[in-house]
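Now for the letters of each chain:
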Amino acid sequence: MRKKTREEAIEELSLMLMYLTRFSDDDEFCRYMEMAWKNYAFDALNALDQKELIFQPRSSRGYSKYAYLTESGKARARALLQEYNLADKELYEAYEFREIRTDEAEQVALIETICFPQEEACKPEIMKARVQMFPENFLVAVSRETGKMVGFINGLSTDEINLRDEFYKDPKLHVPSGKNMMILGVDVLPEYRKQGIAREMIYNFLRRENDRNRRFVILTCLSNKVKMYKKFGFRDYGEADSSWGGKKWHEMVYVLN
């Protein structure tokens, strides 16, 4: 194995430390964003910035004292942690958050039937069609120990601004270039709940859609879930037009760009 240069080592170690010490400032408008203080060598930070592994905000007064980690930066940091045999945060040690594979359609269809009552659940054939038509709009959580999928989010992109019931029924309404993302379901198997998996899936999903320049991420939920989604940064726009499953829903909106 080639011995790394001092500069390469500083760059890699800086990225790993930024990743391990990252945090959210809990801002109402971007709770999903993760940042780290820039207490590292300027040359290394600039190199990471040039490689688009971090982003350094800059104003008329100069660079800020913090930097955001890009998704590619976090992926690179995780790979380095494995290379150096270092521990990640517990949730990321236990679960992988990634895009779905098309051969996993059966799994998400089954999880949907477990997580939602029959009148609310997406029909298996429709869920499988979504996976085939727009797998890039899925995000799954998979146990690293067992390889079992424990949860997922799926959505449909569109230029419309209200989540209507037809989106649940017809995958062909998907518009690949759509500026808005309609979340059609957030599923976590019952035995894996209360670990923070749903929150982490939501934040990973929001960061990804932000990078895709979406404007709004929209979902509907029952009244007992409004408080949870508010904690994630969604705004309650009141009772939705949807009557999916014969129930009353609240429309929740997250403003990205």
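Look above for the structure.
Residues numbered from 1 in each chain as written. Predicted model: local features only at pLDDT ≥ 70, side-chain atom pairs only at ≥ 80, totals over all residues. Heavy atoms only, no water.

## Considering the pairing of strand β10 (residues 216-221)
Burial within β10 is extensive, with 5 of its 6 residues counted as buried. Where strand β9 (residues 180-188) and β10 come together, 3 bridges link them in parallel fashion. Paired with Met-182 across the two strands is Ile-218, which belongs to β10. After leaving β9, the chain enters helix α8 (residues 197-211) and then returns to the sheet as β10, a path that is right-handed. (Buried < 20%, exposed > 50% of the residue type's maximum accessible area, 1.4 Å probe, protein only. Helix = DSSP H or I, 4+ residues; strand = E, 2+ residues; numbered from the N terminus. Pairing = 2+ DSSP bridges. Right-handed = clockwise from strand over helix to strand, strands pointing away.)

## So, the sheet that holds strand β5 (residues 66-69)
With respect to topology, 3 strands assemble into an open sheet ordered β1-β5-β2, the strand pairing being antiparallel. Of all the strands in the sheet, just β1 (35-37) and β2 (54-55) have a single pairing partner and so form its edges. Both β2 and β5 contribute to a ladder of 2 bridges, which runs antiparallel. Opposite Phe-55, over in β5, you have Tyr-68 as the bridge partner. In this fold helix α1 (residues 6-20) packs onto β1, β2 and β5, with an angle of close to 90° to the strand it touches most, β5. (Contact = heavy atoms within 4.5 Å. Axes fitted to C-alpha atoms, helices over the stretch in contact; angles between N-to-C directions.)

## Observations concerning the nonpolar core
Membership of the largest hydrophobic core comes to 77 residues, with the highest contact counts inside it found for Ile-197, Ile-202 and Phe-234. Leaving out residues up to four positions away in the same chain, Ile-197 has contacts with Leu-91, Tyr-95, Phe-97, Ala-141, Val-150, Val-188 and Tyr-192. (Core = buried A, V, L, I, M, F, W, Y, C linked by side-chain atoms within 4.5 Å.)

## Observations concerning α8
With 15 residues, α8 extends 21 Å from end C-alpha to end C-alpha; this agrees with the ideal 21 Å at 1.5 Å per step. The buried count for α8 comes to 12 of 15 residues, which makes it a mostly enclosed element. Of the residues making up α8, those classed as buried are Ile-197, Glu-200, Met-201, Ile-202, Tyr-203, Asn-204, Phe-205, Leu-206, Arg-207, Arg-208, Glu-209 and Asn-210. (Expected span 1.5 Å × (residues − 1).)

## Thoughts on unusual backbone geometry
Phi at Glu-52 takes a positive value of approximately 60°, unusual for a residue other than glycine. Locating Glu-52 in the fold gives a position in the loop between α2 (42-50) and β2. Residue class for Glu-52 comes out exposed when judged on its relative accessible area of 58%. At Asn-213, a position not held by glycine, the phi torsion is positive, near 65°. Looking at the element boundaries, Asn-213 is found in the loop between α8 and β10.

## Details of the side chain of Asn-210
For Asn-210, the location among the structural elements is in helix α8. Classification of Asn-210 as buried rests on a relative accessible area of 16%. Not counting residues within four places of it along the chain, the set of residues in contact with Asn-210 comprises Tyr-32, Met-33, Leu-256 and Asn-257.

In short, geometric facts, not functional conclusions.
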